[in-house]
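# Overview (structure and organization)
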Amino acid sequence: MTIGFLGLGLMGTPMALRLARAGTPLVVWNRTPSRCAPLREAGADVAADPAEVFARADVVLMMLAHAAAIDVVLHRGTPTFAGLVRGRTLVHMGTTAPGFSQDLAADVRAAGGRYVEAPVSGSRVPAEQGELVAMLAGDDDAVAAVRPLLAPTCRETVPCGAVPGALLTKLAVNLYLVTMVTGLAEAFHFADRNGLDLDVVRAVLDAGPMASDVSRVKAAKLVDGDVTAQAAAADVAHNARLVTDAARAVGIASPLIDVCRELFAETVAAGRGADDMVAVLGAIEARTLSGVAPDPG
């Protein structure tokens, strides 16, 4: 079976490379053609446009940046859309609003296609190592057919019921991730401003019960001042906004992610959207310098 792959960005490229190097017959497309070069070298075919991908593949994986990009690539709302997805399984692996995914699923089914949500937990390095965790939602038969196809990219594939169960699960996981890394950045800011040795702070964190793969990687980046993107701040800002919007939609409080959303918006506004999410440290530092540190009492 030939698999299609749309979107070769920070996450899409390593995911598609894992598939190609595992011997998966693969046809790929990206809006910026130069990003297809590593996939061509790995043995994948490069399509001229998305229509060629759908013409050649029964299952098409999408790792596109946002909802607007998906609508443009799929020509959603036009007669072309049905011609693309009819008889195909469309697998949405990016992170969008749950409601958008629900509507897209309905449109795909109405056009005679099948739809699976499959957002992933993990950043660039886990994607390179095939260590992502995929959350899948959709009809049982479609999910069962897609799960084995993701084996080269994901160490776990977890069914999450009906659409949009996978995306809601992803947002819950992201809420924890974003608040955790923001808290880690604030902890290092606190330590630095109190004159502590950051290597010592990192060693204590790494040895203690709060350590995780994420904390070890991000703490090292904070100590070294390394902002090479594994999860870009602009993408994290987008995800934080999705979480807060989803919370508002059902009338629940989200105080921690609300603050993180503000900090990541400030990070992006400072021109650091392409940096790793640890660049949120800069927004925290800016608040200190501006005197935005009210007495909590």
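Figured I'd write up the structure that's included with this text. (Residues numbered from 1 in each chain as written. Predicted model: local features only at pLDDT ≥ 70, side-chain atom pairs only at ≥ 80, totals over all residues. Heavy atoms only, no water.)

Next up on the list: the environment of G113. Tracing the backbone shows G113 in the loop between α6 (98–110) and β6 (114–117). The class for G113 is buried, based on a relative accessible area of 9%. Sequence separation between G113 and L90 is 23 residues, and the spatial gap between their C-alpha atoms is 7.4 Å. G113 has contacts with V85, R86, G87, R88 and V108, leaving out every residue within four places of it along the chain. (Helix = DSSP H or I, 4+ residues; strand = E, 2+ residues; numbered from the N terminus. Buried < 20%, exposed > 50% of the residue type's maximum accessible area, 1.4 Å probe, protein only. Contact = heavy atoms within 4.5 Å.)

Side chains that differ in charge, positive against negative, can pair when their charged atoms come close. Overall, the coordinates contain 16 salt bridges when judged by the stated rule. In this structure, the salt-bridge partner of K218 is D276, at a minimum N-O distance of 3.0 Å. Taken as a pair, K218 in helix α11 (residues 213–224) and D276 in the loop between α13 (255–269) and α14 (280–290) lie far apart in primary sequence, 58 residues in all. D276 shares its class with K218; the two are buried. Among the charged side chains, a salt-bridge network with shared partners connects D45, E52 and R56. (Salt bridge = Lys/Arg side-chain N within 4 Å of Asp/Glu carboxyl O.)

Bringing the pairing of strand β9 (residues 154–159) into the picture now. Across five bridges, strand β8 (residues 132–138) lies against β9 in parallel orientation. Looking at the pairing, L136 lines up with P159 of β9. Crossover β8 to β9 through helix α8 (residues 140–146) is right-handed. (Pairing = 2+ DSSP bridges. Right-handed = clockwise from strand over helix to strand, strands pointing away.)

Along helix α1 (residues 12–21), eight of the ten residues are buried, which leaves the element largely enclosed by surrounding structure. Within α1 the residues assigned to the buried category are G12, T13, P14, M15, A16, L17, L19 and A20. Just past α1, the residue G23 takes up positive phi, approximately 90 degrees.

Two numbers describe a pair of packed helices, the interaxial angle and the distance between the axes. Relative to each other, α13 and α14 sit at 95 degrees, their axes nearing to 8 Å. Considering their axes alone, α13 and α14 lie roughly perpendicular with respect to each other. Residue-level inspection shows E262, L263, F264, E266 and T267 of α13 in contact with α14, the latter providing V280, A283, I284 and R287. Taken together, the residues of the contact of α13 with α14 sort by class into five nonpolar, one polar and three charged. (Axes fitted to C-alpha atoms, helices over the stretch in contact; angles between N-to-C directions. Parallel < 35°, antiparallel > 145°, perpendicular 65-115°, else oblique. Nonpolar A, V, L, I, M, F, W, Y, C, P; charged D, E, K, R; others polar.)

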